[in-house]
Amino acid sequence: MSGMKLIPSVYAESVYLLNGKPFRLTNRRYLDPIYNADIKDGIIMSGRQVEKSTTASTMIANYTTLISNFNALYFAPLTDQVDEFSNNRLGKLYKYSQNDYIKSNFLGRAYKDNVHYKEFANGSVNYLRHCFEYGDNIRGISVNGIWGDEIQDIHIDALPVIKETQSHALESGCGMKITWYTGTPKTFSNTIQQYWDKSTQNEWVVKCPHCNYPQILGLKNLTPTKFICAKCGEEIPNEARINGIWVKLQPGNKIEGFRISQTMVPWITAEDIWDKYTTYSTAKFYNEVLGRSYDNADKPFTMTMLNRICENEYRLYDRAKDVFANRPTFMGVDWGSGDNAYTVILIFGLNPDGKLQLIFAKRCDTGKETDVTWQTEYISQLMGIFRVKYCIVDIGYGQAQYEILRNRFGKRVASCYYSFNLGVDTKWNEKKQQWVVNRTRVIFDYAEAIGNCEIVWAGRDRNQYEWLFDNHLVENAEYRKNKNGKSEDLMYNHPEGQPDDGLHAGVYAHLAYKLSQNNLASNIKFSGVHIPS
Ligand SMILES: [Zn+2]
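Remember, predicted model here, so these are calculated numbers, not experimental data. Every chain's residues receive numbers from 1 upward, in the order its sequence appears when written. With pLDDT at 70 or above as the cut-off, local features in this predicted model cover only qualifying residues; side-chain atom pairs require 80 or more to be listed or tallied, and sums for whole chains, interfaces and linings still use all residues.

A. Just the overall build of the protein, in detail. Along the protein, the regular secondary structure elements total 16 helices and 22 strands. Any residue whose C-beta has 12 or fewer other C-beta atoms within 10 Å is treated as exposed, any with 20 or more as buried, and any in between as partly exposed, C-beta atoms being built from the backbone. Among the 533 residues that make up the protein, the fraction classed as buried is 42%. In the protein, once contacts between residues fewer than 6 apart in sequence are set aside, the share between residues at least 24 apart is 69%. Runs of H or I in DSSP of at least four residues are treated as helices and runs of E of at least two as strands, each being numbered from the N terminus. The contact rule is simple: place each C-beta atom from the backbone, and if two of them lie within 7 Å, those residues are in contact.

Laid out in structure tokens, this is it:
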């Protein structure tokens, strides 16, 4: 913090109260650079219960009171989180300080003090805002400092919108600009991990007092009663944990990143951590205790699952023959959107064991195949030679193709529209002649069908559609807090540039089968559409 006469951590200890007692940073040496190193761009990726909110509130209060005309923005995904932070963290630091230092020097009747807006006698201002979806709530204010909390639940595209609030930071307010993001990791594709990857990645390195081996405490250091050295197995005492040092794993990066785990903080014991290790899910333990991202649990499709559905001697076909000559078949089409993504056509037949068996797989990826007119003619031929009972096509990039197919095949073809609205159940939109489905639910059902081996692929010909494995393995699933904050919504996504069209073609074919099966079983006409048998 340039321009400050005091060391910020010392100032914090001499000014604030926490639960009625003087604020102390005892045995928290890992916080030194976070308070004192004049970092302009920082991120803290941490486990739960490591005083993240206390650190953010004292930092904001430091800048606000030590620097005149400092305009600060605190944001978190949900209104409740913002209100809690404003009322119980930041607000209390201002209201109750040692010898009423803050009250007598910075507050007064002339200065506004609301939950979402606070003014101070030195000209500083604090804004506190929620940031659901794309940060619309934050546009239009101008600040010097940004503290973004729980950024694992903030959409990555919202952060540039929020950064706009600093576009005049160097000419307005106190004429400086600083940004801190904090949060608890989730998957490797999450917002916080993407920022962490761009950071210096400071890790707290602890030296074993017995053998001098330097180490980052993790799973290998845990036992039911004490922390042990990963090399010599002797006990790592508290003093060694407290006296660790920060080591940058990526020193060339611009953002200063710090990972704070529960194994570093002085008040959490080895027993506590062992207890969590034996009761938490692996993902939760990694995220909330170690402060690390964790992916396997959040991969809806794994190689093990896909290998299992290929453990058979089934093969692909070029027409409906043999066992499939007189059995119902279903087609799913996902139109490629260009950019490394191709139109994928999958056909499944209901085999004598009652399983949905992959009998045809095509990715239209070369020469004339990438032309949509060619694709429409090709699909028309397949409809005939595979005697497709019901075909569902994606509507995203394929309205024109769909209309042609619909004219040719009538109700044997339908389009599908993915809705992100979880309230939506599968329903037929008569006007648009399309199925509207809940995106998460249909992908979830499909993943479950693969997990249960209700869907099987052609094991003998697996080398003919290796791309289909890739198209499934790229998919990630994660939970994001929903708008009311009371529950979490499951979201499926894939990394940019790694297509998942084959997965969606599979989802559409599976949906075609399910709709057709329901129709036959219940003999009820789906609102407006009759699927021919
Ligand atoms: Zn050792």
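B. The arrangement of the packing of helix H12 (residues 372–385) against helix H13 (residues 399–409) in detail. Note on geometry: axes are lines fitted to C-alpha atoms, helical ones only across the stretch in contact, with angles between N-to-C directions running from 0 to 180 degrees. One way to put it is that H12 packs onto H13 with a least axis distance of 10 Å and a crossing angle of 30°. In terms of their interaxial angle, H12 and H13 are classed as roughly parallel. The handedness of the crossing between H12 and H13 is right-handed. Residue-level inspection shows Val372, Gln375, Thr376, Ile379, Ser380 and Met383 of H12 in contact with H13, the latter providing Gln401, Ile404, Leu405, Arg408 and Phe409. Gly falls in the polar group here, along with every residue not listed as nonpolar (Ala, Val, Leu, Ile, Met, Phe, Trp, Tyr, Cys, Pro) or charged (Asp, Glu, Lys, Arg). Looking at the contact of H12 with H13, its residues break down into six nonpolar, four polar and one charged. Each angle receives one of four descriptions, namely roughly parallel if under 35 degrees, roughly antiparallel if over 145, roughly perpendicular if within 65 to 115, and oblique otherwise. Should the near helix be turned anticlockwise from the far one by less than a right angle, the crossing is termed left-handed; should it be turned clockwise, right-handed.

C. Geometry of unusual backbone geometry. Even without being glycine, Glu150 reaches a positive phi, approximately 50°. Note that Glu150 resides in the loop between strand S7 (145–148) and helix H6 (158–163). Despite not being glycine, Cys453 has its phi angle at roughly 60°, a positive value. Considering the arrangement of structural elements, one finds Cys453 in the loop between helix H14 (439–451) and strand S20 (455–456).

D. Seen up close, the pairing of strand S14 (residues 343–350). The buried fraction of S14 is high, at seven of eight residues. The sheet contact formed by S14 and strand S15 (residues 356–364) spans eight bridges and is antiparallel. From the neighbouring strand, Val344 faces S15, where its bridge partner is Arg363. Strands pair, by our definition, only if DSSP identifies at least two bridges between them. The turn joining S14 and S15, which pair antiparallel and follow one another in sequence, is formed by five residues; a positive phi near 80° is taken by Gly354.

E. Geometry of the nonpolar core. Here, a nonpolar core means buried Ala, Val, Leu, Ile, Met, Phe, Trp, Tyr and Cys residues linked by C-beta atoms lying within 7 Å of one another. Residues Ile60, Ala72, Tyr74 and Cys131 are the most contacted members of the largest nonpolar core, which totals 67 residues. Marked domain ranges trace back to an automatic or database domain assignment. A domain split of this core shows at least three residues from each of domain 1 (1–197) and domain 2 (201–279). If you look at the next biggest cluster of nonpolar residues, it comprises 60 residues, including Phe386, Tyr390, Val456 and Leu511.

F. Expanded view of the sheet that holds strand S13 (residues 329–334). A sheet is described by the order of its strands in space; here eight strands give the open sequence S18-S19-S17-S16-S13-S14-S15-S20, paired in mixed fashion. Strands with a single pairing partner mark the edges of an open sheet, and in this sheet they are strand S18 (427–429) and S20.

G. Highlighting the pairing of strand S17 (residues 413–419). Relative to S17, strand S16 (residues 388–394) is paired through four bridges, and the arrangement is parallel. Residue pairing across strands places Ile392 opposite Ala414, the latter belonging to S17. By convention, a crossover is right-handed whenever its connection, traced from the first strand over the helix to the second and viewed with the strands pointing away, goes clockwise. With H13 bridging S16 and its parallel neighbour S17, the resulting β-α-β unit is right-handed. Taken together, the five bridges between S17 and strand S19 (residues 434–438) define a ladder with parallel strand orientation. Considered in S19, the bridge of Cys416 is made with Trp435.

H. Layout of the domain arrangement of the protein. For the protein, the assigned domains read domain 1 (1–197), domain 2 (201–279) and domain 3 (303–519). On a C-alpha basis, the centroid separation for the pair domain 2 and domain 3 is 47 Å.

I. Structural detail: the environment of Ile192. Examined against the element boundaries, Ile192 turns out to sit in helix H7 (residues 191–197). For the pair formed by Ile192 and Gln152, sequence separation is 40 residues and the distance between their alpha carbons is 5.2 Å. Dropping the residues within four chain positions of it, Ile192 is found in contact with Met45, Ile151, Gln152, Gly183 and Pro185.

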